[in-house]
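Take a look at the letters that make up each chain.
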Amino acid sequence: MIPDTRPVEILTDGDLLFNRDEYPLLQQMGFDSFDAFRSYDGGTLIKKIRERSVIRIPIPKKHGGGAYFLKRHRAEPYGHRKCYQGRIEFENILAFRRKEIATVLPAVMGERITGSIGNRRVESFIATRDYAPFTPLETLLEKTPEIFAEQKNKDSLMQAIAALAQKMHWAGFNHKDFNATHILLRYADIASEEPPALALYDLQRVDQKKIFRFRWIIKSLAEVGYTLPEPLFSAQDRNRLLCFYKGKESLSPWDRFQYRWIERKRERIARHTEKIRMRQKKEESISESCAELNP
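Predicted, not measured: the structure shown is a model, and the values here were computed from it.

## What about the sheet that holds strand β11 (residues 197–200)?
Item 1. What the 3 strands build is an open sheet, ordered β8-β10-β11; its pairing is antiparallel. Pairing within the sheet leaves two strands with one partner each, and these edge strands are β8 (135–136) and β11.
Item 2. Across 4 bridges, strand β10 (residues 183–186) lies against β11 in antiparallel orientation. Pairing of leucine 184 across the sheet is with alanine 199, part of β11.
Item 3. Along the sheet face, helix α5 (residues 151–170) touches β10 and β11 and points at about 45° away from the line of β11.

In structure tokens form, the structure reads like this:
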């Protein structure tokens with residue numbers, strides 16, 4: 001099942017690092033060089049922003065079906081960092097799996113230096129397997145929020161999120177975007193009180209430390225708390241999330257201090273996000289006005 005925690009054996013081929021198990025299939029599909037990935041213009045465009053694009057590449061049914069997600073990064077200046085975006089995410093995925101934290105299955109990573117001396121840049125990409133049958137939590141919240149109308153379903157979700165966050169933190173990792181967008185889940189039976197299976201993806205922004213950092217609890221629970229929409233999820237639910245993280249029935253005075261800190265952080269995230277939305281809306285309005293003036 002994908003995602004999972006299986007270890008990955010790496011095969012190096014020129015500028016590419018392959019998951020050895022995915023290598024034969026990618027070769028058969030014609031992805032046998034760096035240029036084959038960088039110049040690919042098929043599939044379905046999932047996302048395109050200034051920094052990167054994401055394309056869904058279908059796998060032929062004769063090869064088992066499914067898909068790869070190809071994330072191609074904008075070329076970065078050479079020398080300003082030791083590791084570049086494609087490799088960063090690839091290495092983070094491998095690190096999470098070594099600690100048995102479920103995440104997507106990496107297929108291949110490419111990294112290549114281009115340009116002349118004094119103007120060198122690094123192109124990079126990563127491809128991972130589709131995360132089906134898992135689903136982003138954000139998608140369930142948008143399309144089937146009724147799943148969480150019952151308290152038992154909310155509690156099982158809170159338990160699973162808390163357990164994932166705790167395991168990640170004690171393994172020495174902190175996903176800087178620990179929210180409903182990047183949490184994947186799968187229910188064996190939605191009617192059961194068993195917590196869903198969870199996994200994480202989009203591991204570009206990850207802190208790694210040898211010892212646990214206190215602020216990780218604040219940031220992670222505030223992030224995910226902000227993306228659990230009100231009134232479906234209440235302050236009481238967020239309180240229970242911290243209880244599950246701590247393994248307690250109720251919060252101590254110190255825990256309640258932490259909870260208030262988490263709530264203040266969640267509110268700051270909300271204000272910051274709203275400012276970004278308003279700025280984007282203003283920029284869109286200006287662009288539309290300019291288009292009307294210059295048809």
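## Observations regarding helix α7 (residues 235–246)
Item 1. The end-to-end C-alpha separation of α7 is 17 Å, in line with the 16 Å expected for 12 residues at 1.5 Å each.
Item 2. Within the span of α7, buried status applies to Asp237, Arg238, Leu241, Leu242, Cys243 and Tyr245.
Item 3. Positive backbone phi, approximately 70°, marks glycine 247, located one or two places after α7.

## With respect to the environment of phenylalanine 212
Item 1. With respect to the secondary-structure elements, phenylalanine 212 resides in the loop between β12 (206–208) and α6 (214–227).
Item 2. Taking the C-alpha atoms as reference points, phenylalanine 212 and glycine 30, 182 residues apart in sequence, are found 43 Å from one another.
Item 3. Once residues within four sequence positions are removed from consideration, phenylalanine 212 is found in contact with His169, Trp170, Ile217 and Tyr245.

The rules behind each value
- Residues numbered from 1 in each chain as written.
- Predicted model: local features only at pLDDT ≥ 70, side-chain atom pairs only at ≥ 80, totals over all residues.
- Heavy atoms only, no water.
- Pairing = 2+ DSSP bridges.
- Helix = DSSP H or I, 4+ residues; strand = E, 2+ residues; numbered from the N terminus.
- Contact = heavy atoms within 4.5 Å.
- Axes fitted to C-alpha atoms, helices over the stretch in contact; angles between N-to-C directions.
- Expected span 1.5 Å × (residues − 1).
- Buried < 20%, exposed > 50% of the residue type's maximum accessible area, 1.4 Å probe, protein only.

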